[in-house]
Amino acid sequence: MTQVDLLIKNGHVFNVFLRKFVDTQVTVKDGKFYWINTDLPGIEAKKTLDLKGKYLIPGFVDAHMHIDSSMTTPAIMGQTILKYGTTTIVADDHEITNVAGIKGLKNFIDEPAPIDIFFGIPSSVPSTNPDMETTGGQIGVKEVHELLKDPRFICLGEVMNFKGMTSPRETLIKDIIKTCRQEKPTLPLEGHVPAYAGEDLAKVLYAGITTDHTQQTADLVNEKVRNGMFVEVQLKSMHQEVIDTIIEHKYFEHVALVTDDSMPDTLLHSHLNHLVKKAIEMGMTPEEAIYISTYTPARHMGLWDRGAIAAGRVADFVILDNPKTLSIEAVYKNGINAEDIEAKTDYQFLPALRHSVNAPKLTSEDFMLKTNLVSNGDVLANVIQINPVGTFTNHIQVKLEVENNIVQWQKAGLAMILVQDRYNGEEGRYSVGLVDRGILKDGAVGATWAHDHHNLMVMGTNTKAMLKIQHQLIEQQGGYIAAKGEEIVANAELPIGGVASDQPMQVLGSEIGKIRKTMQELGYKNTNEIMSFSTLSLLVSPSFKISDKGLFDVKSQQKCPLFEEVK
């Protein structure tokens, strides 16, 4: 007689190897699946779970996401997403690493969580180089060697620096890739490959990158998969033609659904389960959608002990009423009902993480946009233009009036953007730019959650509101703030590295929701206003962005002046 902890009977069990539901019995012993069979002679169970015709699937595996990009901590992230069926994640926490380096990263990820969390080695800290942006931490070959010794790090986090990895010269990112290949030859190397095709894609693959998660099209999915790249599909890539391409060509072995960046207000109601449900609504069978959110991502990341309901695998599973609607009845982690898992709340973050915004307060004079090109007349401004979908921007030029050396940018319906170094105290270097299709009405928005350097960034049409937000961000040591007129109306404090909060998700999500609503009321138009604003400083996301060191063309990494003479 063999004693097990749990016997599950009368259910339809998803077999990932057959990619179909089968009627069988499942046993759990010491947190792992034991024997799975229609007949289990000699088995004695401490507890029996009768599914009464319901469905059993493995726990979801999110192979590419960022805890700190959700502005939260490992424990709160785990508590939040476990109820949605996500039991394992692979997190690339390069946001906190850009702020506080490897010491801050280790302190951040050591917080206990109710789910299993594996990590990607932050490869792009900074995302470009110190000549283009200021960060609080840097990751080099030495730090990579150190993290490779930690079994929690199972991949190289997304490599963003296209120019660095494809340069004919030796570069830091090439050295990092070489180090990973030498020490762990089978390590997945995650890439950030936005809109790269043809020879550019070949250069990325030649550099050793195995995976891409960025915004996809049907053509890009085809080209990447056919060239051996594993494609991670996030929500903004779930266009009908992309899903149709995966279905038509049966790419299920080569793709996975991932969340990448989940905003706190969206985490109030869903996580990876939302993408699985959407994939089903867009034409995938439930079996196909579940397969690419459980087994495929686990296998790709080398996590052979999960992603399947099979003997020896971690007993993470989800009970569904109906796989077509993905209605979740219960979630189990290590064979224990998630509702019975107690949350731990006594973890202490480093004091340095709670005092990381070190910049001087600006004055109204700093928001006076001047030029020496002409005293009175016109100048040509190089402007960041926001797109209504995604995080890509356009580089446009706008002719602006100048009166007594002061640029009349408000007359052109533009917004001002200012990015300030928050790491080097009174030095407080900042750069100024102009934005089209940003804040249109009277107000402003600002944050220290500004990808990926996370310097202090503020944008608006009301310079008094911008100044007030800049002061408030310094006083509260980080956050995301929105103002109407001169009045601050929404504020989410982010005191951990200026990028994360230890407030319950219900509180943080509500605060971010108010900021999003305020941005919408101020005329900001994007499918994800929060992420769109914060990535105006992401120097690896096409095509024209700003940092504390100025405006840059993303692909060439060339600095661009704000103003030029009208010819």
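Counting starts from 1 at the beginning of each chain's written sequence and moves along it residue by residue. Where local features are concerned, this predicted model is filtered to residues with pLDDT of at least 70; where side-chain atom pairs are given and counted, the filter is 80 or more; whole-chain, interface and lining totals use all residues. Calculated side-chain values reflect all of the structure's heavy atoms, with hydrogen atoms and water omitted.

1. Describing the nonpolar core
Logical step 1: Core analysis: the biggest nonpolar cluster contains 150 residues, and L400, L434, W449, M459, Y480 and F533 have the highest contact counts within it.
Logical step 2: Residue contacts are counted whenever heavy atoms from the two residues lie within 4.5 Å of one another. Excluding anything up to four places from it in sequence, L400 contacts G377, D378, V379, A381, V407, W409, A412, L414, L434 and F563.
Logical step 3: Buried residues of nine kinds, namely Ala, Val, Leu, Ile, Met, Phe, Trp, Tyr and Cys, make up a nonpolar core once their side-chain atoms join them within 4.5 Å. The rule is simple: take the accessible area with a 1.4 Å probe, protein chains only, and divide by the maximum for that residue type; under 20% is buried, over 50% is exposed, in between is partly exposed. Ranked by size, the runner-up nonpolar core spans 15 residues in total, among them V26, L56, A315 and Y332.

2. Quick look at the sheet that holds strand 8 (residues 116-121)
Logical step 1: Only strands that DSSP links by at least two bridges are regarded as paired with each other. By definition, any uninterrupted DSSP run of H or I lasting at least four residues is a helix, any uninterrupted run of E lasting at least two residues is a strand, and each is numbered from the N terminus. Overall, parallel pairing links the eight strands, which are arranged 6-7-8-9-10-11-12-13 in an open sheet. The open sheet has two free edges, formed respectively by strand 6 (60-65) and strand 13 (255-257), since each of these has just one partner strand.
Logical step 2: Relative to strand 8, strand 7 (residues 86-91) is paired through four bridges, and the arrangement is parallel. Note that in strand 8 the partner of A91 across the bridge is F119.

3. Thoughts on empty space enclosed by the protein
Logical step 1: Two kinds of site are reported from a 1 Å grid over the protein atoms alone, namely cavities, where a 1.4 Å probe fits but cannot get out, and pockets, open sets with protein on both sides within 12 Å along at least five of seven lines, and residues are called lining when an atom falls within 4 Å of a point. Grid points are joined across faces, edges and corners, and a volume is the space filled by probe spheres set on the points. Per the stated rule, a full pass over the model turns up four cavities of 30 Å³ or more.
Logical step 2: A volume near 230 Å³ is recorded for the largest cavity.
Logical step 3: If you trace the largest cavity, you find 23 residues lining it, with H192, H213, D260, D261 and L538 closest to the centre.
Logical step 4: Here the residues of the lining of the largest cavity sort into five nonpolar, twelve polar and six charged.
Logical step 5: Of the pockets and cavities examined, the second largest cavity occupies roughly 60 Å³.
Logical step 6: If you go around the second largest cavity, the residues you meet are M160, N161, F162, K163, Y196, V540, V554, K555 and Q557.
Logical step 7: Amino acids outside the nonpolar list (Ala, Val, Leu, Ile, Met, Phe, Trp, Tyr, Cys, Pro) and the charged list (Asp, Glu, Lys, Arg) are all regarded as polar, and Gly is one of them. In terms of residue class, the lining of the second largest cavity is built from five nonpolar, two polar and two charged.

4. So, the pairing of strand 22 (residues 443-447)
Logical step 1: Of all five residues that make up strand 22, five are buried, and the element is covered over most of its length.
Logical step 2: Of the two faces of strand 22, both are covered, the one formed by G443, V445 and A447 as well as the one formed by A444 and G446.
Logical step 3: Examined bridge by bridge, strand 22 and strand 24 (residues 479-484) share five bridges and lie antiparallel to one another. Pairing of A447 across the sheet is with Y480, part of strand 24.

5. What to know about the state of the cysteines
Logical step 1: Two cysteine sulfurs form a disulfide in these notes if their separation is within 2.5 Å. Following the criterion strictly, the structure yields zero disulfides and no others.
Logical step 2: C155 provides the cysteine sulfur closest to C180, a residue in no disulfide bond, and the two sulfurs are 9.3 Å apart.
Logical step 3: With a relative accessible area of 0%, C180 lands in the buried category.

By themselves, these are just geometric observations and shouldn't be taken as functional.
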